[in-house]
Amino acid sequence: MIALAVALIGVGVLGSAALYARQNHQVPVLMVIAPVYAGSVVTSTDIGTTTVAAGPGVQVIPANQLSQVIGLVAATSLRPGTLLAASELTTREPPLAGEVLVPVAVRPSVLPAGGLAPGDNVLIVATPVVPGGGGSAGSSATQVLTKPVPAIVVQVSAGPDQDGLDVVDLLVTAGYGVSVAQQSSTGQLALILVHRSP
């Protein structure tokens, strides 16, 4: 968090409650006006301004820092109608320290019917091998993943590839990266939607 604060200060984003000494002081601040998925670059169409009564302890970014915010990366999914805070921004695209980005190829039949979108929270689970069910060429009865692994969807392919598989880029904790990649290579993998990004 200290490193993030230093980076944001370096680009001029000084979100702070200390700017306002009086309770109920009306100040112009930045507000999210369009959904921004975690890991996405913030654009001028995503952020607007509003006036609020910002007292001590309210974390906001002054409206005059709009130009410094554009081009930064959302560290978490940003919801329309919420005030923007410096802690929700970063200067780096994922993966960050302690994270890895793993592409997994899955059959459309193991994805939610409504599809997946960047920012969705999912669980990666190993599926059992069905005798004669055909899996990938490298499928094995051995399940690499012994428990569900939480992940965040970063990107989804526009459609199935030549093998009929959808490719989903998933952000996971670094310690699970190799296991998820190995499980994906068996073709025995499913994604369970836990929470949709706003």
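Note that this is a predicted model, so its numbers are computed, not measured.

1. Some details on the overall build of the protein
For the protein, the count of helices and strands is three helices and nine strands. Starting at the N terminus and walking to the C terminus, you meet the elements of the protein as α-β-β-α-β-β-β-β-β-β-α-β. Buried residues in the protein amount to 36% of all 198 residues. Counting only contacts in the protein whose residues sit at least 6 apart along the sequence, the fraction spanning at least 24 positions is 75%. Only carbon and sulfur atoms are counted for the fraction: they give 58% of the accessible area of the protein, which is about 10200 Å².

2. Looking at the environment of Leu170
Mapped onto the secondary structure, Leu170 falls in strand β8 (residues 166-173). Placed 15 residues apart in sequence, Leu170 and Gln155 show a C-alpha to C-alpha distance of 7.4 Å. Contact partners of Leu170, with chain neighbours within four places excluded, come to Val100, Leu101, Val102, Val104, Val122, Ile124, Ala151, Ile152, Val153 and Leu191.

3. Brief notes about the sheet that holds strand β6 (residues 121-126)
Spatially, five strands are ordered β5-β8-β7-β6-β9 in an open sheet, and the strand pairing comes out antiparallel. Across the chains shown, the open sheet's two edge strands, defined by having one partner strand only, are β5 (99-106) and β9 (189-195). Each strand of the sheet is rotated relative to its neighbour by a mean of 40 degrees, with strand direction disregarded. For β6 and β9, the ladder comprises six bridges, and the chain directions are antiparallel. Opposite Asn121, over in β9, you have His195 as the bridge partner. Set on the sheet, helix α3 (residues 177-186) makes contact with β5, β6, β7 (149-156), β8 and β9; between it and β5 the angle comes to about 10 degrees.

4. Notes on the environment of Leu66
Mapped onto the elements, Leu66 comes out in helix α2 (residues 66-69). Under the relative-accessibility criterion, Leu66 is labelled partly exposed at 27%. It is 9.8 Å that separates the C-alpha atoms of Leu66 and Met31, two residues lying 35 residues apart in sequence. For Leu66, the residues in contact, after removing those within four places along its chain, are Leu30 and Ile47.

5. Some thoughts on the nonpolar core
A general feature of soluble globular proteins is that nonpolar side chains tend to end up buried together. Formed by 20 residues in total, the largest nonpolar core has its most connected members in Val104, Ile124 and Leu170. Every element with two or more residues in this core is listed here: β5, β6, β7, β8 and β9. Within the second largest apolar cluster, 14 residues are counted, among which are Leu30, Ile47, Ile61 and Leu78.

6. Brief notes about the side chain of Gln183
You can see Gln183 is positioned in helix α3. Non-local contacts of Gln183, meaning those with residues more than four positions away in its chain, are made with Ala126, Gln143, Val144, Leu145, Gln188 and Leu189.

7. Some points on α3
Among the residues of α3, those classed as buried are Gly177, Val180, Gln183, Ser184 and Thr186. Tucked into the core, α3 has its buried residues touching β5, β6, β7, β8 and β9. Phi turns positive, to about 80 degrees, at Gly187, one or two residues after α3.

Quick notes on the rules
Residues numbered from 1 in each chain as written. Predicted model: local features only at pLDDT ≥ 70, side-chain atom pairs only at ≥ 80, totals over all residues. Heavy atoms only, no water. Helix = DSSP H or I, 4+ residues; strand = E, 2+ residues; numbered from the N terminus. Buried < 20%, exposed > 50% of the residue type's maximum accessible area, 1.4 Å probe, protein only. Contact = heavy atoms within 4.5 Å. Areas by Shrake-Rupley, 256 points an atom, 1.4 Å probe, with all protein chains shown as cover. Pairing = 2+ DSSP bridges. Axes fitted to C-alpha atoms, helices over the stretch in contact; angles between N-to-C directions. Core = buried A, V, L, I, M, F, W, Y, C linked by side-chain atoms within 4.5 Å.

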